[in-house]
Amino acid sequence: MMPGDGTGTMASLIQRIARQALATYRNPPRVGEPPGKGFQENHNKLRSLVTEIRAADLKLAPRRGDGRPAGVSSPRLPLHRGAPPVTYMHICETDHFSMGVFLLKSGASIPLHDHPGMHGLLKVLYGKVRISCFDRLERPAGSPHQALPLPAASAAALRRSIVRSTGEYTEDSGACVLYPDRDNLHQIDALDGPTAFLDILAPPYDPDDGRDCHYYKIQAEVKDAELEEKELWLMEISQPPDFWCGGEPYPGPEVCL
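Residues numbered from 1 in each chain as written. Predicted model: local features only at pLDDT ≥ 70, side-chain atom pairs only at ≥ 80, totals over all residues. Heavy atoms only, no water.

A. Region of interest: the overall build of the chain. Check the secondary structure of the chain and you find four helices and 10 strands. Going from the N terminus to the C terminus, the chain shows its helices and strands as α-α-β-β-β-β-α-α-β-β-β-β-β-β. Within the chain, the fraction of its 257 residues that count as buried is 44%. Across the chain, every contact between residues at least 6 apart in sequence was considered, and the portion connecting residues at least 24 apart equals 76%. Only carbon and sulfur atoms are counted for the fraction: they give 49% of the accessible area of the chain, which is about 13,700 Å². (Helix = DSSP H or I, 4+ residues; strand = E, 2+ residues; numbered from the N terminus. Buried < 20%, exposed > 50% of the residue type's maximum accessible area, 1.4 Å probe, protein only. Contact = heavy atoms within 4.5 Å. Areas by Shrake-Rupley, 256 points an atom, 1.4 Å probe, with all protein chains shown as cover.)

B. Geometry of the pattern of salt bridges. Summed over the entire model, instances satisfying the criterion amount to eight salt bridges. Residue Lys128 is joined to Glu168 by a salt bridge in which the shortest nitrogen-to-oxygen separation is 3.8 Å. Placement of the pair is Lys128 in strand β4 (residues 119-136) and Glu168 in strand β5 (residues 158-169), with a sequence separation of 40 residues. The partly exposed category is assigned to Lys128, whose relative accessible area is 24%. (Salt bridge = Lys/Arg side-chain N within 4 Å of Asp/Glu carboxyl O.)

C. Representation of helix α1 (residues 13-25) in the model. The end-to-end C-alpha distance of α1 is 18 Å, a good match for the 18 Å that 13 residues give at a rise of 1.5 Å each. Within α1, 11 of the 13 residues are buried, leaving the element largely enclosed by the surrounding structure. All of the buried residues in α1 are Leu13, Ile14, Gln15, Arg16, Ile17, Ala18, Gln20, Ala21, Leu22, Thr24 and Tyr25. Contacts from the buried residues of α1 go to α2 (37-52), β1 (86-93), β2 (98-104), β4 and β7 (185-202). (Expected span 1.5 Å × (residues − 1).)

D. Inspection of the nonpolar core at higher detail. Among the nonpolar cores identified, the biggest contains 33 residues, and Ile17, Phe97, Met99 and Val101 are the most heavily contacted of them. Those elements giving two or more residues to this core turn out to be α1, α2, β1, β2, β4 and β7. If one sorts the elements of this core by residue count, α1 sits on top with seven residues. Those residues in contact with Met99 that sit more than four places away from it in its chain are Ile14, Ile17, Ala18, Tyr88, His90, Ile91, Cys92, Leu198, Asp199 and Ile200. Among the nonpolar cores identified, the runner-up in size contains 16 residues, and Phe102, Cys133, Tyr215 and Phe243 belong to it. (Core = buried A, V, L, I, M, F, W, Y, C linked by side-chain atoms within 4.5 Å.)

E. Spotlight on the pairing of β1. Looking at chain direction, β1 and β2 are connected through seven bridges and run antiparallel. Note on β2: the bridge partner recorded for Tyr88 is Phe102. A loop of four residues connects β1 with β2, the two strands running antiparallel in sequence. Strand direction decides the pairing type here: β1 and strand β10 (residues 245-247), joined by three bridges, are parallel. By the bridge assignment, Tyr88 is partnered in β10 with Gly247. (Pairing = 2+ DSSP bridges.)

F. Summary view of unusual backbone geometry. Pro203 follows Ala202 through a cis peptide bond whose omega is -10 degrees. Turning to its location among the elements, Pro203 is positioned in the loop between β7 and β8 (215-221). The phi dihedral of Asp183 falls on the positive side, at around 55 degrees, and the residue is not glycine. Relative to the helices and strands, Asp183 resides in the loop between β6 (176-178) and β7. At Asp192, a position not held by glycine, the phi torsion is positive, near 60 degrees. Topologically, Asp192 is positioned in strand β7. Overall, Asp192 belongs to the exposed group, its relative accessible area being 72%.

Keep in mind these values describe shape, not function.
As structure tokens, this is what we get:
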């Protein structure tokens, strides 16, 4: 029997996900420490629940190429040039995690960025995305100056990284998982039309607590014949001017914690 909400009503899937996220991330392992058995069991339960979610569970309809919901007529005037390429639907947030939906227009991207000390789960609700994952490595002193002809100020913004994976995800795929020490940097590109995905981050971004979002661009490949895996120099940059995120109301079931 599926758990209810305490009122005799069957709890929605997103409500169950929120409760499991709270149970999972209330006491996460410290950064650098291996996760305990309890955390792993809770995380597996959360990942399983997230894998089940579909757009219909959140009352979302796949968007058309112009970014509008299916069945909604096009405006007589073209969309304003200032319309954001990405929008966000806030579902809930606690001190332990945040949860919402990102909606990307056709061809839009969320630039390469990090999640300092954070866990995360991403589940596509409709459409297709390509997710490229990276991890920062300890940078040997002086290497950027030797490898790249950059001023000292620019070289200081370089971050040596390793390419972890690149994959395509649809609503039929499992969740994409990030950890504080693995797959922590990623870029997300909408492929073949608009797309939307559920996003859980734990704990939420908080610049006052050392969890600000940093953006990067690929500067160059690390030239070293002895490397077994592909490494890149990433340059930390300001938020790209062609990327910004707007807000939309969340139409799905209410979440109460």
